[in-house]
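# Topology and contacts: notes
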Amino acid sequence: MENHKQDAPQNGALVRSFGLKMAIIIVMSAIIGSGVFKKVAPMSEVLHYPWMVVLAWVLAGIIILFGVFSIAELGTMFPRSGGPFAWLEEVYGKLVSFLYGWSCFTVIQTAAISSVAFVFAGALASFVPLPQLPAHIASINILGLTPFSNFGGKLIASLLIIGLTVVNIRGTKKGGHVSLVFTFLITLAILTIVCLAFGSKTGSMATFETVGSLLPPEGFSILTFIMAMFIAMRHAFWGYEGWVALGFIGEELHHPKKNLPRAMIIGITLIILLYALLNAAYLYVMPIDEMLAAVNVNENTIAAVVVVDKLVGDVGVYVVSGMILISTFGCTNATILLSSRIYYAMAGSGLFFKKAARCHPKRNTPVGALTYQGIWGVILVFSGSFDMLTDLLIIAAFVFYGLIVLGVVILRYRKPALPRPYKTWGYPVVPWVFLVFCGTLLIVSLIESPVKSLIGFCLIFSGLPFFYYWRKQLNIKAKKVKTD
């Protein structure tokens, strides 16, 4: 039963609004977005074998699950709003936790919101023509950016961010209920496609066993296989992005020491199963070469659309576009709800813009953090590229995911007596497998995408001047209080 006795709400403070079922829904809705529909093509392009593509999704999910097993220990030890921001401060101090929160604001979480909202707009264009500006305005270039190109898509994405920000300001439960409806619909839609694919005569095991023609004659060496698998898994991680987000609302969960690890583990496991089934269905219906040829005609073409179009005809475009509308709407909402808690926690510590610490006096929602996040999200919509944003956020995110999991190991040595309501399953093997993977992923990214990697690191460290300014302000305030 989800009926819990509500903690007595205090005006201007967060309250415990979510039970286990709603927490699982929030985990799933924060994750299931555009990745599972778009990323099968670039993954197929580097792996060439359909079974390897499915394996990459499963392996990526297992790595994420290992991360979940690890961070759940920190989440139950420190069930506070802001999640990883609070955990990193406990282990490394204010500077590292600030850089994580700052990176979430500059690229990790806000780029996720903007990217998913942008895909929502692209899916909507399948049903309704979006307005466009004249060519001479759309082509205006400002510092290498074209903010007025694809104006209709950017306008819709921005309106989605603004609208869902308002919904979450009006009430946490309203935001949670939106996630519930859309997570149910997208799960049903994914299962429908899987059943149609494997029940149709269009697909076959022969198709699933067909190898892409771009595979080198000599096949994979051990080194090239590892490189290809890591690149493919990096694409898959965009499909799993958001897995850490439940930790952001520790203060708003009923019985967080039990429900936080349960919700994260159950939610991720269900998503691994859905992703593996759906990607197997794609490659059961359409050979890799045929799919890549169709996708490469237009950079906006979505792999899932061309696969389902072959499966059910012209109506496939509308079916998949509708699915993407559902999933991206729910994912954008959940990410807005969860991410804002980071900046709320930062501002409460004096290390972010002061107004981000403000809670709505009646609705008990972090109105200031939601507002800042919404404004920056809209700016990213008009300045960013989908693929650039997704690659940047994955590279930046895994720097901190590694630090968070390393924190589990550090605290085991530094503070062994601290109460641990949940202990990492498979410790110490599970966290160390995750850490080795994070290090390898970053090395592969530096070799394969040096420019993107460097941009990611620059965005992380761009917060240093702000940190030292805000810390100076805190010191001045502390001295004044001491003098008084």
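Residues numbered from 1 in each chain as written. Predicted model: local features only at pLDDT ≥ 70, side-chain atom pairs only at ≥ 80, totals over all residues. Heavy atoms only, no water.

### A few points about the overall build of the protein chain
From N to C terminus, the protein chain includes 20 helices and 0 strands. When burial is assessed residue by residue, the protein chain has 56% of its 484 residues classed as buried. A separation threshold of at least 6 residues defines the contact pool for the protein chain, and within that pool the share at least 24 residues apart is 82%. When the accessible surface of the protein chain is split by element, carbon and sulfur atoms take 68% of a total near 20,000 Å². (Helix = DSSP H or I, 4+ residues; strand = E, 2+ residues; numbered from the N terminus. Buried < 20%, exposed > 50% of the residue type's maximum accessible area, 1.4 Å probe, protein only. Contact = heavy atoms within 4.5 Å. Areas by Shrake-Rupley, 256 points an atom, 1.4 Å probe, with all protein chains shown as cover.)

### Points about the packing of helix H6 (residues 94–124) against helix H16 (residues 367–383)
For the pair H6 and H16, interaxial distance at closest approach is 9 Å and the crossing angle is 75 degrees. As judged from the angle between their axes, H6 and H16 are roughly perpendicular. Contact with H6, carried on its side by Phe105, Thr106, Thr110, Ala111, Ile113 and Ser114, involves Tyr372, Gln373, Trp376, Gly377, Leu380 and Val381 of H16 and no other residues of that element. For the contact of H6 with H16, the residue count by class is 7 nonpolar, 5 polar and no charged. (Axes fitted to C-alpha atoms, helices over the stretch in contact; angles between N-to-C directions. Parallel < 35°, antiparallel > 145°, perpendicular 65-115°, else oblique. Nonpolar A, V, L, I, M, F, W, Y, C, P; charged D, E, K, R; others polar.)

### What to know about the pattern of salt bridges
In this structure the tally under the stated criterion is 4 salt bridges. Measuring nitrogen to oxygen at the nearest pair gives 3.1 Å for the salt bridge that ties Glu73 to Arg420. Residue Glu73 is located in helix H4 (residues 50–77), and its partner Arg420 is located in the loop between helix H17 (386–414) and helix H18 (429–448); the two are separated by 347 residues in the primary sequence. Each member of the pair, Glu73 as well as Arg420, is classed as buried. (Salt bridge = Lys/Arg side-chain N within 4 Å of Asp/Glu carboxyl O.)

### Some thoughts on the side chain of Thr328
Inspection of the secondary structure assignment puts Thr328 in helix H15 (residues 315–348). At a separation of 2.4 Å, a polar atom in the side chain of Thr328 contacts the main-chain carbonyl oxygen of Ile324. (Polar contact = N/O pair within 3.5 Å; in protein donor to acceptor, adjacent residues only side chain to side chain.)

### Regarding the confidence of the model for the protein chain
Taken over all residues, the pLDDT of the protein chain has a mean of 81, while the share at 70 or more is 87%. For the stretch residues 1–9, pLDDT sits under 50, and the model shows 15 contacts to residues farther than four places along the chain or on other chains. Here residues 11–15 scores under 50 on pLDDT; set against residues more than four positions off or in separate chains, the count is 20 contacts. (pLDDT = per-residue confidence, 0-100.)

### Looking at the nonpolar core
Ranked by internal contacts, the top residues of the largest apolar core, which has 155 residues, are Phe37, Phe237, Trp243 and Phe398. Sort the elements by how many residues they give to this core and H6 lands first, with 17 residues. Here Trp243 is in contact with Ile31, Ile64, Gly67, Val68, Ile71, Met264, Ile268, Tyr401 and Phe434, once residues within four sequence places are set aside. Among the nonpolar cores identified, the runner-up in size contains 5 residues, and Met22, Ile25, Ile26 and Leu337 belong to it. (Core = buried A, V, L, I, M, F, W, Y, C linked by side-chain atoms within 4.5 Å.)

### Observations regarding the packing of aromatic side chains
A full pass over the atoms with the stated rule returns 36 aromatic pairs. Seen in terms of ring centroids, Phe198 and Tyr284 are 4.8 Å apart; in terms of plane orientation they differ by 50 degrees. Their pairing is tilted. Taken together, the positions of Phe198 in helix H9 (residues 172–199) and Tyr284 in helix H12 (residues 256–285) put the pair 86 residues apart, joining distant regions of the chain. You can call Tyr284 buried: its relative accessible area is 13%. Joined through ring pairs, the aromatic side chains of Phe98, Trp102, Phe105, Tyr343, Phe352, Phe353, Tyr372, Trp376, Phe466, Phe467, Tyr468 and Trp470 make up one cluster. Sitting over the ring of Tyr427, Arg412 keeps its end group 3.9 Å from the ring centre. (Phe/Tyr/Trp six-rings, centres within 6.5 Å; stacked < 30°, edge-to-face > 60°. Lys NZ or Arg CZ within 6 Å of the ring centre and 35° of its normal.)

### Observations regarding the packing of helix H14 (residues 303–312) against H15
Their axes nearest at 7 Å, the elements H14 and H15 cross at an angle of 135 degrees. It follows that H14 is oblique to H15 by the angle criterion. Crossing geometry of H14 relative to H15 is assigned as right-handed. Contacts between H14 and H15 pair Ala304, Val305, Val308, Asp309 and Val312 from the former with Val315, Gly316, Val317 and Val320 from the latter. Considering only residue class, the contact of H14 with H15 consists of 7 nonpolar, 1 polar and 1 charged. (Left-handed = near helix turned anticlockwise from the far one by under 90°.)

### Some thoughts on unusual backbone geometry
Omega for the bond connecting Tyr427 with Pro428 falls within 30 degrees of zero, at 5 degrees, which places this linkage in the cis form. With respect to the helices and strands, the residue Pro428 is situated in the loop between H17 and H18.

### Some remarks on a nonpolar patch on the surface
A surface patch of nonpolar side chains, about 560 Å² in accessible area, is lined by Phe127, Val128, Leu196, Val312, Val315, Tyr318 and Val319. Ranked by the residues each element gives to the nonpolar patch, the list is headed by H15, at 3 residues. Relative to the helices and strands, Val315 resides in helix H15. Val315 gets classed as partly exposed once you look at its relative accessible area, which sits at 43%. (Patch = residues over 30% accessible without salt bridge, like charges linked within 9 Å, V, L, I, M, F, W, Y side chains within 5 Å.)

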